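Architecture and fold: a report
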Amino acid sequence: MRAMVQTGFGGPEVLSLRDLPDPEPAAGEVVVEVHAAALNHLDLIQRRVGVLPGFALPHVGGMDVAGHVVAVGTDVTTVRAGQRVVVDPTVGCGGCPSCTAGHPGHCPDLRVVGGSRPGGFAEYVAVPAAVVHPVPDHVDLADAAALPTAWSVAWQSVHRVGRVQPGEWVLVHAAASAVSIAAVQLAHRAGARVVGVARNEAKRALAADLGAELVIGLDADTAPTVREHTAGGVDVVIDHVGAATWPCSLASLRTGGRLVLLGNTSGDRVELSLSEVYHRGLQLLGTGAYAPADFAAMLDSYFTGGLRVPRAAEYPLAELPQAHARQDAGDLLGKILVRP
């Protein structure tokens, strides 16, 4: 099969098209013929420094994958050849306390499809049958490929951790990023009133189109404007930006508000006033790893219809380096898809 292989660390030039043996399914595994794979920010980090435990070179990336099952290993009874599927990239050992409690993302032997085991930037990928989910015929497989990482994290942030309720105000930072595109729509569908913060007019227009009632840029006036518009502040802030948005996030919350933290793309260190948190009764909530139940619930929600996965661009497999360069450049409005 053809695959894009990472052979070093650095820019897109460390990726090259290679011929590799077709994967064979081990016991409990299936082989998926890749219809599409979506590019994530974590794919870029892996290319630069390889942060995930178990990562080794050479490596085939691609964490978000959808396609057709073409081979089934022994002991597999839940998946059949020919089935349309999307892959949950989180693979636990299955036997540790975290896995048996339903949280493989915290498994000490965690492996990630496309992160620390071969992924979807290839014509075929072998994965455990337990992490594939059927895709209904009415759902485009390319759309399904854009869901796993961003939408699972967004579902977890909005529902399980953020506990968003109808009528609440929810502020979503970087409202046109992949995770936030999902969070805006999921919060809106949950009956919340959404504030989207984004850095340019095109991104703010997309957030408004997806359901944000108020869209605004990030500056010194953001939090005062949010408090005025919401009559005192929002109930929930969803923030994966980190240091750059930390002051705005805290200042935008009403008394008793919930700050959901799920990333640190602008920096990891912030200053915190303990008295501000305890006097105002604020809740600081880290998301941790999403659970398989979050993944399944997210798919159920998306498959019912009415939600959108905007596409920024599509590239053939051989042009994955160009796709990486486009993702590096930023200012995307949606996901980049790669098609073998």
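Refer to the structure printed above.
Right, let's walk through the structure included here. (Residues numbered from 1 in each chain as written. Predicted model: local features only at pLDDT ≥ 70, side-chain atom pairs only at ≥ 80, totals over all residues. Heavy atoms only, no water.)

1. Regarding the side chain of glutamine 83
Put simply, the rule reads: Only DSSP runs of H or I reaching four residues or more are called helices, and only runs of E reaching two or more are called strands; each is numbered from the N terminus. Burial classes: relative accessible area under 20% of the type maximum marks a residue as buried, over 50% as exposed, and values in between as partly exposed (1.4 Å probe, protein chains only). Note on definitions: a residue-residue contact is assigned when non-hydrogen atoms from the two residues lie within 4.5 Å.
As for its position among the elements, glutamine 83 is in the loop between β4 (64–72) and β5 (84–87). Residue class for glutamine 83 comes out buried when judged on its relative accessible area of 12%. Setting aside its immediate chain neighbours within four residues, glutamine 83 contacts Gly67, His68, Val69, Thr78 and Pro134.

2. Examining the packing of aromatic side chains
Definition in use: For this analysis, a ring pair means two rings from Phe, Tyr or Trp (six-membered ring only for Trp) whose centres lie within 6.5 Å, classed as stacked if their planes differ by under 30 degrees, edge-to-face if by over 60, and tilted for the remaining angles.
All chains considered together, the criterion is met by four aromatic pairs. On the basis of an interplanar angle of 80° and a centroid distance of 5.4 Å, the ring pair of tryptophan 151 and tyrosine 302 is categorised as edge-to-face. Of the two residues, tryptophan 151 sits in helix α4 (residues 148–161) while tyrosine 302 sits in helix α10 (residues 292–303), which places them 151 residues apart along the sequence. For the pair tryptophan 151 and tyrosine 302, one class covers both residues: buried. Relative to phenylalanine 295, the ring of tyrosine 290 has its centre 6.2 Å away and its plane inclined at 25°; by these criteria the two rings are stacked.

3. Looking at the nonpolar core
Our working rule: Put simply, a nonpolar core is a bunch of buried Ala, Val, Leu, Ile, Met, Phe, Trp, Tyr and Cys residues held in one set by side-chain atoms that sit within 4.5 Å of each other.
Formed by 52 residues in total, the largest nonpolar core has its most connected members in Leu147, Trp151, Val170, Ile238 and Tyr302. Among the secondary structure elements, those contributing two or more residues to this core are β3 (29–38), α3 (141–145), α4, β10 (169–172), α5 (178–189), α6 (201–209), β13 (234–239) and α10. The residues touching isoleucine 238, leaving out its near neighbours within four places in the chain, are Ser157, Val158, Val170, Leu171, Val172, His173, Ala183, Val260 and Leu262. Core analysis: the second largest hydrophobic core is formed by 36 residues, Ala3, Val30, Ala313 and Ile336 among them.

Fair warning: the whole summary comes from geometry, so function is off the table for now.
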